[in-house]
Amino acid sequence: MTITERSVEPGSTDGPGRGGHDSPPATPGTDAPETAQERVNRRWNEVLQETRVAQTGVQILFGFLLSVAFTPLFRELGTLDRGIYVATVVLGASATGSLIAPVSIHRFLSGQRMKDEMVEAAGRLMMCGMVLLALTIGCTLLLILRFVVPGVLAEILVGGVMLWFGLCWYVLPLHLRRRAERRSRTQDA
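So, the packing of aromatic side chains
Next up, step 1: A full pass over the atoms with the stated rule returns 3 aromatic pairs.
Next up, step 2: Plain terms: the ring middles of F74 and Y85 are 4.9 Å apart, the flat faces sit at 70° to each other, and that makes the pair edge-to-face. Separated by 11 residues along the polypeptide, F74 in the loop between α1 (36–68) and α2 (79–109) and Y85 in helix α2 bring together distant segments of the chain.
Next up, step 3: These aromatic residues form a ring-pair network of at least three members: F165, W169 and Y170.

Focus: the pattern of salt bridges
Once the charged atoms of two side chains with opposite charge are near each other, the side chains can pair.
Next up, step 1: Under the counting rule described, the total for this entry stands at 5 salt bridges.
Next up, step 2: In this structure, the salt-bridge partner of D81 is R146, at a minimum N-O distance of 2.5 Å. Remark: R146 occurs in helix α3 (residues 115–148) and D81 occurs in helix α2; sequence separation between them is 65 residues.
Next up, step 3: A relative accessible area of 12% means that D81 is categorised as buried.
Next up, step 4: R124 is the partner of E120 in a salt bridge, and the nearest nitrogen-oxygen pair spans 3.2 Å. One end of the pair is E120 and the other is R124, both in helix α3 and 4 residues apart, which spans about a single turn.
Next up, step 5: Residue classification places E120 among the partly exposed positions, given a relative accessible area of 38%.

Observations concerning helix α4 (residues 153–188)
Next up, step 1: Over its 36 residues, α4 extends 50 Å from the first C-alpha to the last, a length consistent with the 52 Å expected when each residue adds 1.5 Å.
Next up, step 2: At L167, α4 shows its largest bend, some 40°.
Next up, step 3: Of the positions making up α4, those classed as buried are A154, V158 and F165.
Next up, step 4: Tucked into the core, α4 has its buried residues touching α3.

Side note on the confidence of the model for the protein chain
Next up, step 1: For the protein chain, mean pLDDT is 83; residues scoring 70 or higher make up 84% of the total.
Next up, step 2: Per-element confidence in the protein chain is highest for α4, whose mean pLDDT is 94, and lowest for α1, whose mean pLDDT is 85.

Quick notes on the rules
- Residues numbered from 1 in each chain as written.
- Predicted model: local features only at pLDDT ≥ 70, side-chain atom pairs only at ≥ 80, totals over all residues.
- Heavy atoms only, no water.
- Phe/Tyr/Trp six-rings, centres within 6.5 Å; stacked < 30°, edge-to-face > 60°.
- Helix = DSSP H or I, 4+ residues; strand = E, 2+ residues; numbered from the N terminus.
- Salt bridge = Lys/Arg side-chain N within 4 Å of Asp/Glu carboxyl O.
- Buried < 20%, exposed > 50% of the residue type's maximum accessible area, 1.4 Å probe, protein only.
- Expected span 1.5 Å × (residues − 1).
- Bend = angle between axes of the 7 residues up to and from the residue.
- Contact = heavy atoms within 4.5 Å.
- pLDDT = per-residue confidence, 0-100.

Now the structure itself:
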């Protein structure tokens, strides 16, 4: 059974005790626990906000990448660099598609009482889009640094940046989630 759609009241905000996608019930002295409808509406609004941030970055980067092919230096690219460029543009287009997809999903499914499914699908597309965006940034950086830095230093620097992305975007959130789960289990015991 799906959760029925309900519009969020203008001016409503997430209060204390409502952080994260699957917040535990509020503790005494804080806001009342969310209903299932309030939770799915809050999660949908969070996805929309996250999408706006990611879309802006990927669209600016993708626009830059498209313009590169029309510069005089592009003609001087070797076969490997052209391959990196093509991969970068394809990754950027794919990231753009994934990060804009929640808008299309919403348009097609709005009013169908499928908000919980929309939130789930949009969340998965956002994660996919973020991976594609990280790869796009890594390839862009590789393409640029191969012109600026001699030897394998470009690859080493890009590897370091990609490691940093992995730590910031994936490892840290997973670590925080596991720590919160352990804390929750300890408090329940």
